[in-house]
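# Commentary on secondary and tertiary structure
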Amino acid sequence: VRELAKPYVFSTVIRKAGSLYPIKGHVELSHKTAPPGCGEFVRHLWLETVDVLSSPREMGLFKSCPNVEDIALSVNPLRTLLAMYASPYSSPKASAIRTLTLLNPTPRTVWAVTPGALLRGITHLRMIDLQHTSYVPLEHLPALTHLAVPLVHLRTTYTDSFLAENITKSHRLQMVVLTVDHYDWIYRPWLHRDRYTTTA
């Protein structure tokens, strides 16, 4: 029964970083690697981090889950993942990742690496938060066809258009989705109403 259940149980994994404050002298993490014999079944991976202390420990988790197709992560694990594929010593030969979700802003400097096979295969990018930086790394994602970005966050950056020029002039994008945070839309009208409402 265990062998039959493993592909379904481990298809989607959420890894929590644990407490920001050390417990008995060390930071508690939910998993450093996937359980033996289970990492190959992980297709969807969500990584939560609290601070930079948890980031280096994710290398083992990435290596133990080579078949991940859909990954959501914050900036620190993204740095670890990019560094892993940039290194000729630790880099896997190919990446199965096709969908990348960024949970918090990722500055332009984060992408200043040679990511190899990692970013060449990504076709879908979701950016949840662009409040601190509106940079969208299109030039690093040559296969990107689908992009989702928060509409209200773009309003504060681009005055002449909803989207950055590198998005509007991209010929390879097939779909651009503008997401709206329902809380901001309902409870913070000053962020958008003067821009997105019209009168008849």
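Just above sits the structure.
A few points on the structure. Note that residues are indexed from 1 along each chain, following the sequence as it is written. For a predicted model such as this one, the threshold for reporting local features is a pLDDT of at least 70, and the threshold for listing and counting side-chain atom pairs is 80 or more; totals across whole chains, interfaces and linings nevertheless cover every residue. Hydrogens and water are ignored here; the side-chain numbers use all heavy atoms of the structure.

This brings us to the overall build of the chain. Numbering of helices and strands starts at the N terminus; helices are DSSP runs of H or I of at least 4 residues and strands are runs of E of at least 2. In terms of regular secondary structure, the chain is built from eight helices and seven strands. Here the analysis covers contacts within the chain between residues at least 6 apart in sequence; of these, 67% occur between residues at least 24 apart. Using a 1.4 Å probe, accessible areas were evaluated by the Shrake-Rupley method; residue-level cover was limited to the displayed protein chains. With the model as given, the accessible surface of the chain reaches about 11,500 Å², and the carbon-plus-sulfur share is 58%. Note on contacts: a residue pair is in contact if any heavy atoms of the two residues lie within 4.5 Å.

Between its first and last C-alpha atoms helix α3 (residues 75-86) spans 16 Å; for twelve residues at 1.5 Å apiece the expected length is 16 Å, and the two agree. Burial within α3 is extensive, with nine of its twelve residues counted as buried. Three exposure classes are used, based on accessible area relative to the maximum for each residue type with a 1.4 Å probe and protein chains only: buried under 20%, partly exposed in between, and exposed over 50%. Three or more residues of α3 are buried, namely Val-75, Asn-76, Pro-77, Leu-78, Thr-80, Leu-81, Leu-82, Met-84 and Tyr-85. Of the surrounding secondary structure, the elements contacted by the buried residues of α3 are β2 (44-47), α2 (58-64), β3 (70-73), β4 (99-102) and α4 (117-120). What a helix is expected to span follows from its residue count: subtract one and scale by 1.5 Å.

Here the focus is the nonpolar core. In plain words, nonpolar cores are sets of buried Ala, Val, Leu, Ile, Met, Phe, Trp, Tyr and Cys residues tied together by side-chain atoms within 4.5 Å. Of all hydrophobic cores here, the largest spans 40 residues; its most connected members are Ile-71, Leu-73, Leu-81, Trp-111 and Leu-125. Elements with a contribution of two residues or more to this core: β2, α2, β3, α3, β4, α4, β5 (124-127) and β6 (146-150). It is α3 that contributes the most residues to this core, six residues altogether. The contact partners of Leu-73, leaving out residues within four places of it in the chain, are Leu-47, Phe-62, Leu-78, Leu-81, Leu-100, Thr-101, Leu-102 and Leu-103.

We now examine a nonpolar patch on the surface. Residues form patches when they are more than 30% accessible in relative terms and have no salt bridge. Like charges link within 9 Å. Nonpolar side chains (Val, Leu, Ile, Met, Phe, Trp, Tyr) link within 5 Å. Think of a salt bridge as a Lys or Arg side-chain nitrogen and an Asp or Glu carboxyl oxygen that are within 4 Å of each other. On the surface, Tyr-183, Ile-186 and Tyr-187 cluster together to form a nonpolar patch covering roughly 340 Å² of accessible area. Mapping Tyr-187 onto the fold places it in helix α7 (residues 182-187).

On to the side chain of Lys-6. Summarising the element assignment, Lys-6 is placed in helix α1 (residues 2-9). Among the residues examined, Lys-6 registers a relative accessible area of 9% and is labelled buried. What Lys-6 contacts, discounting residues up to four positions off in sequence, is Gly-37, Cys-38 and Phe-41.

By way of backbone hydrogen bonds, the strands of a sheet pair with one another, either parallel or antiparallel. Here we have seven strands laid out as an open sheet, ordered β1-β2-β3-β4-β5-β6-β7, and parallel in their pairing. The strands lining the two open edges of the sheet, one partner per strand, are β1 (12-15) and β7 (175-179). Ignoring which end each strand starts from, the neighbouring axes of this sheet average 10° apart. Sheet analysis places β4 next to β5, joined by four bridges and oriented parallel. Pairing of Leu-102 across the sheet is with Met-127, part of β5. Strands qualify as paired when DSSP identifies two bridges or more between them. Axes here mean lines fitted to C-alpha atoms, for a helix over just the part in contact, with angles spanning 0 to 180 degrees between N-to-C directions.

Attention now moves to the pattern of salt bridges. Side chains that carry opposite charge are capable of pairing whenever their charged atoms lie near each other. Overall, the coordinates contain two salt bridges when judged by the stated rule. Among the ionic pairs, Glu-3 bridges to Lys-6, the shortest N-O distance being 3.3 Å. Here Glu-3 and its partner Lys-6 are both found in helix α1, three residues apart, which amounts to about one turn of the helix. Salt-bridge contacts for Glu-69 lead to Arg-43; the nearest nitrogen and oxygen are separated by 3.8 Å.

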